[in-house]
Amino acid sequence: MIKLVACDMAGTTIDEHGDVYVALARCVEETGVTTTEEAVQEWMGADKVEAITALIQAGGGTVDPATVGAAFTRFKELLAGFYDANPPVALEGVEEAFRELRRRGVKVALTTGFSRDVAEPLLERLGWGVGPEEMLDAVVCSDEVAAGRPAPFMIHRAMELTGVQDVRAVIAAGDTVNDLAAANNAGVSAVGVLTGKLGREALAAYPHHRILAGVKDIPALLQSPNQGTARAPLEAQCDVCCPSVG
């Protein structure tokens, strides 16, 4: 039985209007380097300090703790301003899906490339808390593990926090290539969702087990008699998405 669904935040469960992408590109460009849409997209879903470091380096800029630290501070400032002007909202059907999963006894966790000081205010805006009577069972941020995506550590930490020991009982969902890579590196079922910037073809080019329209479709994915008892049954159900390539 599937016991845990671990989802990314921005673009997967939360519509933040693309502000993370804009804030990341802008804070890097303010250091004096240029970025490209493709380069920024490559780092979506990753730890933001790691992303800023890589993007500055790719642009030929100076990578040192002071520069990266200042850019990360600026990223947080920009993002807070964007969120004040245009508050993030839950993506369609996500809250209903979370409630249904928890009603069935499936744990729900969020994993994010945000640090805790960025993630907490965002979750507070949405009214998403952690606890028996709340929306979530666990939240794991990239600054709480040894490395962010594509490393598997946030997913494994979510398993630890929710008491789930078998990777075959876990689905990890996200809207970026790094989300899929982290899921595969963690040994869990990798589910891509089309609520971010990437379309079906772009996500399907990378190893995955399902591509769904959104997190809202996960309860239906688990509706079969086997309810995804392991990875193989999950791969065998292709009536709601494109074929697996992984």
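Residues numbered from 1 in each chain as written. Predicted model: local features only at pLDDT ≥ 70, side-chain atom pairs only at ≥ 80, totals over all residues. Heavy atoms only, no water.

1. Observations concerning the environment of Val-188
Threshold: Helix and strand assignments follow DSSP, with helices taken as H or I runs no shorter than four residues and strands as E runs no shorter than two, numbered in order from the N terminus.
Following the sequence through the fold, Val-188 ends up in the loop between α8 (177-186) and β7 (189-193). Along the sequence, Val-188 and Ile-2 sit 186 residues apart, while their C-alpha atoms lie 10 Å from each other.

2. A look at the sheet that holds strand β5 (residues 138-141)
Applied cut-off: The rule for pairing is simple: two strands pair if DSSP sees at least two bridges between them. Axis geometry follows a simple rule: fit a line to the C-alpha atoms, using only the stretch in contact for helices, then measure angles between N-to-C directions, giving values from 0 to 180 degrees. Here, residues are in contact when the closest pair of their heavy atoms is within 4.5 Å.
Read from one edge to the other, the open sheet built from six strands follows the order β5-β4-β1-β6-β7-β8, with strand pairing classed as parallel. Edge strands, defined here as strands with exactly one partner in the open sheet, are β5 and β8 (210-212). Neighbouring strand axes in the sheet, compared pairwise and without regard to direction, differ in orientation by 25° on average. Against the sheet, helix α6 (residues 116-126) contacts β4 (107-112) and β5, and its axis sits at roughly 145° relative to β5.

3. Things to note about the packing of helix α3 (residues 48-58) against helix α4 (residues 65-85)
Going by this rule: Here roughly perpendicular refers to angles of 65 to 115 degrees, roughly parallel to angles under 35, roughly antiparallel to angles over 145, and oblique to all remaining angles. The crossing is said to be left-handed when, going from far helix to near helix, the turn is anticlockwise and less than a right angle, and right-handed when the turn is clockwise. Amino acid classes used here: Ala, Val, Leu, Ile, Met, Phe, Trp, Tyr, Cys and Pro are nonpolar; Asp, Glu, Lys and Arg are charged; the rest, including Gly, are polar.
Closest axis-to-axis distance for the α3/α4 pair is 10 Å, and the angle between their directions is 120°. In terms of their interaxial angle, α3 and α4 are classed as oblique. α4 is crossed by α3, and the crossing has right-handed handedness. Contact residues: Lys-48, Val-49, Ile-52, Thr-53 and Ile-56 in α3; Thr-67, Val-68, Ala-71, Phe-72 and Phe-75 in α4. Looking at the contact of α3 with α4 residue by residue, the class counts come to seven nonpolar, two polar and one charged.

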